[in-house]
Amino acid sequence: MNASDYLQRSTLYRKLIHGPYGEFSRVYAARLSDEGLGRQCTWRSLSLFRDLMDWHVGNGHDPQDLSRSFCL
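Let us look at the structure shown here. (Residues numbered from 1 in each chain as written. Predicted model: local features only at pLDDT ≥ 70, side-chain atom pairs only at ≥ 80, totals over all residues. Heavy atoms only, no water.)

Helix and strand counts for the protein come out as five helices and zero strands. Shown N-terminal to C-terminal, the secondary structure of the protein runs as helices and strands in the order α-α-α-α-α. By its C-alpha atoms, the protein is 35 × 25 × 15 Å across when sized along the principal axes. When the 72 residues of the protein are sorted by exposure, 32% land in the buried category. When the accessible surface of the protein is summed, it comes to about 4,900 Å², and 53% of that surface belongs to carbon and sulfur atoms. Taken together, the 9 basic and 8 acidic charged side chains of the protein have centroids lying 8 Å from each other. (Helix = DSSP H or I, 4+ residues; strand = E, 2+ residues; numbered from the N terminus. Buried < 20%, exposed > 50% of the residue type's maximum accessible area, 1.4 Å probe, protein only. Areas by Shrake-Rupley, 256 points an atom, 1.4 Å probe, with all protein chains shown as cover. Lys, Arg positive; Asp, Glu negative; His and termini not counted. Charge placed at Lys NZ, Arg CZ, Asp CG, Glu CD.)

Right, let's talk about the pattern of salt bridges for a bit. Counted according to the given criterion, the structure contains two salt bridges. Between E35 and R31 there is a salt bridge; the shortest N-O distance is 3.7 Å. On the criterion of helical spacing, the pair formed by E35 and R31 is a turn pair, its members being four residues apart in helix α3 (residues 22-35). Note on E35: relative accessible area 53%, which makes it exposed. What makes R31 exposed here is its relative accessible area of 54%. A salt bridge links D51 to R50; its shortest N-O distance comes to 3.6 Å. (Salt bridge = Lys/Arg side-chain N within 4 Å of Asp/Glu carboxyl O.)

This brings us to the nonpolar core. A general tendency of soluble globular proteins is for nonpolar side chains to be buried together. In this structure, L7, Y13, L16, L46 and F49 are the most contacted members of the largest nonpolar core, which totals 13 residues. Elements with a contribution of two residues or more to this core: α1 (3-9), α2 (11-17), α3 and α4 (39-58). With near-sequence residues (within four places) excluded, F49 lies in contact with L16, Y21, F24, S25 and Y28. (Core = buried A, V, L, I, M, F, W, Y, C linked by side-chain atoms within 4.5 Å. Contact = heavy atoms within 4.5 Å.)

Time to look at α3. Taking 1.5 Å of rise per residue, 14 residues should cover 20 Å, and α3 covers 20 Å from first to last C-alpha, within 8% of that figure. Just past α3, the residue G36 takes up positive phi, approximately 75 degrees. (Expected span 1.5 Å × (residues − 1).)

What follows concerns α4. In a regular helix each residue adds 1.5 Å, so 20 residues correspond to 28 Å; α4 covers 28 Å between its end C-alpha atoms and thus fits that length. Two residues or fewer after α4 comes G60, characterised by a positive phi angle close to 85 degrees.

By themselves, these observations are geometric and do not establish any function.
Written as structure tokens, this is what we have:
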């Protein structure tokens with residue numbers, strides 16, 4: 001099973017795209033799919049992404065702050 005197949009069935013992905021990080025989740029998942037990762041790597045990458053975003057927001061930052069810092 002590749003990333004695209006996994007994303008269609010993933011509860012984690014659905015939670016991410018409908019949550020506060022939706023915009024970023026879609027972009028990140030598209031990148032994973034383009035890279036052709038397998039199911040396990042995609043799941044692990046999304047889990048780490050969620051943990052990073054939770055940490056970032058938990059430290060008082062807006063999710064949009066992250067994209068601004070990457071653009072500099």
